[in-house]
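# Descriptive structure summary
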Amino acid sequence: MTVIKTKINRRSFLKTSALAGGGIVIGFNWGCTPADMARPEASAWYEVNAFLTIADNGEVTIMSPNPEIGQNIKTSMPMIVAEELDVNWEDVIVKQAPLNTESFTRQVAGGSQSIRSSWTILRTAGATARKLLINTAAKEWQVDPSGITTENGVVKYGKMTMTYGELAAKAVMEEIPEEVELKDPKDFKIIGQAKKNVDLDGIITGEPLFGLDFKREGMVYAAAMRPPAFGTKLKSFDDSDARAVNGVSDVVQFGNKIAVIANSTWAAMKGKNALKAEWERDGKLENTTDHDRQLLRMLDTPEKEPRRNDGNVRRAFANADKVIERVYEAPFLPHNTMEPMNFFADVTDTKAELIGPIQTPQWTQGRVAQLLGREAADVTIDMTRMGGGFGRRLYGDFALEVAEISDKIRKPVKLVFSREDDMTAGTYRPASKYKFRAAIKNGKIDGYHLTGSGVNSGNVTRQNWFPAGGIENYKVETHNLRSNITTGAWRAPITNFLAIAEQSFFDEVAAEIGMDAVQLRLDILERAKNNPVGEIDYEPEKMIGVIKLAAEKAGWGNAPSGISHGFSCYYSHNTYVAEVAHVTNASGGPKVARVTCAVDCGIVINPDAAINQVQGGVVDGVGHAMYGDFSFVNGTPQASNFDKYRLIRAKEAPEVDVHFVESLNDPTGLGEPSLPPAGGAVANAIAKATGNRLYKIPFIKEEIVFG
Amino acid sequence: MANFSIDVNGESRQVNVDPDTPMLWVLRDELNLKGTKFGCGIAQCGACTIHLNGEAVRSCSTPISAIGNASITTIEGLSENGSHPVQEAWMEEDVPQCGYCQAGQIMSASAMLSKIPNPTEADIHQNMSGNICRCGTYPRIKKAIMRAAEKGGNNE
């Protein structure tokens, strides 16, 4: 049992009135079908704190504070509150909270941190409300609160009982408890049980849940033309044809872009396509072939101060029996959320109201305020469900654009990107390359030297993660190539390719020294665990745990005839994942049939949804390793829609078996960590199946015919 | 602009739009049926899938002028209250992640099952590979289709 001082969180309980005035609530949905259909309708609701409201009939509304991007936190965050409140999940109604910085912390979808960073806050919110209800009942019954228990929305003392609904009106008048106890995880009744996605009904019946679906009476539509190449700006434009399109009402320039305003999405898009614009150079027109040359040159350049330098790497390589050196390369990638970027804004003299799919509402609110010269308090941002994010909706550029357009035309307006706009407007996974070197002495890795380089990527290494601490002589260097092509976080930033390269390299080293690929990793981890070389930022013990679990579940070392196994493991977002890819090599060529996955993410909140996240991350990781390809010629993206840009499809997706390490540790991230190891497991299985090593993304461009 | 009378989900609807307007935008902007999604605009992703006389078609690339007397079914009209066996199977398997592509997936799956009541894995791969799921829910989509098929998935 954990005792929590509520004072640290008092702010969120005292300033509850801010919630009511924080903005409209979108996407009102039933959490589940109320079990008791005979229950009377709620006639009064009592706001206990910013997270929850209790009705006189016992129903509970729980606000989900963070943006829902497909990671399913709109279900799992309220589950945590409901667990500590001790109510029936069937009595819970979930609502998306508006942006409210007074009441909620970190309303962000990013870095797989929603659950991890809010775990204690959510539990405390539920536990505080429960304690408040107990104290209220104690006063009512004139008994000692310590003798009162709760069960599924009912307070009990001896034979006396009262429901939360009966107590709610009085409870909100009581003092907030100063100290609350959190449940022992062993007693959890909701956490750890599969609960359906709270938006499931709406999704399968086509309810308007997403940003693109939001409509306001009197709203107009905008489509925008942006510079066609990085390094160009608007010189002039002729909008006469655009204005002649039926439904087009206006054409406005904003910065280097032109917006066509119309009475429907189609008219706005047609109008945009009818614009004639001239563009001129205002920077370098960059080419992928030039990036490739520069990034490769950087791999042979020492960093002034290496990120990490343990032991004596130079001596280790000089004294090596054998040196293994390999280079791995990956391109830029667009995010390609299925719902293209879009946002609504209504800017008036007194306020700016924004509604749409955004991973970073608070940051965006500040930037919109700055852009318009308003106070942040005069800018509201409401979050719709998002048709994917993968990092793209962190950046809010689309929200700033629509705010600027609405400010110019002074109308409520919805900006919609076409797929072409979405894929070419920028913010890509940075292209990157790695050179790995291993110095082999007496059949062991005595020296390890990693150099990475990337385009607008910052540090492309994770110098204190595996294999740091497990190799005596260890050096890591990184280089950044500056570019006018915009880059950003893309699901599992940096590690989405670093892991593929690193885990491919270890497999090749194992083969070169005649060692089992799993055993090689375990040996390094044993060293890191028992006698680490320097500081490390991961727990070798947990990595060992998932490696052994994945190997056992996949039957590592006993692949059936016709199947080749490839191993990979990676730590990211505080979570440990090991994967075994099962590749067949029939007449059509190698094919990824199955991936076995072991995960240590601490307590699993919603097991079936957690499996879904892990499966999706693996499919995404396999897909982008196999097919992800994006390049530039003279600053111009070379693909703009799914006819030229290939995403993984049903017939190419492997089955994914998921196994969680049983744990009572606090939960860690799950939206991203299963992605990084997937591509390496596939590359290693294909090498085993065909004898061909894969060094470049996308794998389909390598000289293998795939099945 | 021209007047069109079209049959959507069993009702006759009148709209006044340009003849080249894709059914996708007629449904979304004119008829306020937001369940049919915009994904690519070039019939490559399947998010906009509807039924035209029971056949799965991509509404983003089907202009209203091509509809004539054909009957259109959208996700909103597939069943009352989400009770189509495919929708029920999607509930039971808890398929969606972000959920954006799922209406299109369900429309493709239900059209397939009306022709192939007991699909093989190869049938599913062939008929569902026009629908992209960026979240990677393909394994669950396959399970849900198999489940719907077991229960007599064509609802007819």
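Residues numbered from 1 in each chain as written. Chains lettered and ligands numbered in written order. Predicted model: local features only at pLDDT ≥ 70, side-chain atom pairs only at ≥ 80, totals over all residues. Heavy atoms only, no water.

## What about the interface of chain B and chain A?
Rule in force here: In what follows, a contact means two residues having at least one pair of non-hydrogen atoms within 4.5 Å. When two parts are put together, the accessible area they lose, computed with a 1.4 Å probe and summed over both, is reported as buried area. Basic side-chain nitrogens of Lys or Arg form a salt bridge, by our definition, when they fall within 4 Å of a carboxyl oxygen of Asp or Glu. For the purposes of these results, a polar contact is taken to be a pair of N or O atoms within 3.5 Å, where, inside protein, one atom must be able to donate a hydrogen and its partner to accept one; residues adjacent in sequence count only when each atom of the pair is a side-chain atom. Put simply, DSSP H or I for four residues or longer makes a helix, DSSP E for two residues or longer makes a strand, and each gets a number counted from the N terminus. Side-chain classes are defined by residue name, with Ala, Val, Leu, Ile, Met, Phe, Trp, Tyr, Cys and Pro counting as nonpolar, Asp, Glu, Lys and Arg as charged, and the others, Gly among them, as polar.
Counting from both sides, the interface comprises 52 residues of chain B and, opposite them, 61 residues of chain A. Contact with chain A buries area across many residues of chain B, yet Gln97, Tyr100 and Arg134 of chain B alone supply 17% of it, more than any other trio. Summed over the shared surface of chain B and chain A, the result is seven salt bridges. Asp213 of chain A is the salt-bridge partner of Arg28 of chain B, the closest N and O atoms lying 2.9 Å from each other. Counting across the interface, chain B meets chain A through 32 residue pairs in polar contact (both at pLDDT 80 or more). When contributions to the side of chain B that touches chain A are tallied by element, the ones reaching two or more residues are α1 (23-30), α2 (85-93), α3 (102-115), α4 (121-128) and α5 (138-150) of chain B. Sorting elements by how many residues they give to the side of chain B that touches chain A places α2 of chain B first, with five residues. Looking at the side of chain B that touches chain A, its residues break down into 20 nonpolar, 17 polar and 15 charged.

## Description of unusual backbone geometry
Residue and element names in this part refer to chain A. Between Phe466 and Pro467 the backbone carries a cis peptide bond, its omega angle lying at 5°. In this structure, Pro467 sits in the loop between β22 (444-455) and β23 (473-481). For the bond from Ile697 to Pro698, the omega torsion is 0°, close enough to zero to count as cis. Along the chain, Pro698 turns up in the segment after α18 (675-690). Its identity as a non-glycine residue notwithstanding, Thr427 has a phi of 65°, on the positive side.

## Details of the domain arrangement of chain A
Residue and element names in this part refer to chain A. What counts is decided by this rule: Bear in mind that the domain bounds are from an automatic or database domain assignment.
We note that the domain assignment places domain 1 (2-205), domain 2 (211-282 + 341-416) and domain 3 (301-332 + 428-701) within chain A. With centres defined by C-alpha atoms, the gap from domain 1 to domain 3 works out at 40 Å. Each partner contributes to the interface: domain 1 provides 22 residues, whereas domain 3 provides 19 residues. Looking at the side of domain 1 facing domain 3, the largest losses of area belong to Ser112, Arg116 and Trp119, adding up to 35% of the total buried there. In this structure, the connection of domain 1 to domain 3 is made through zero salt bridges. For the interface between domain 1 and domain 3, the tally reads nine residue pairs in polar contact (both at pLDDT 80 or more). Those elements that place two or more of their residues in the side of domain 1 that touches domain 3 are α3 (73-85) and α4 (114-141). In terms of residue class, the side of domain 1 that touches domain 3 is built from nine nonpolar, ten polar and three charged.

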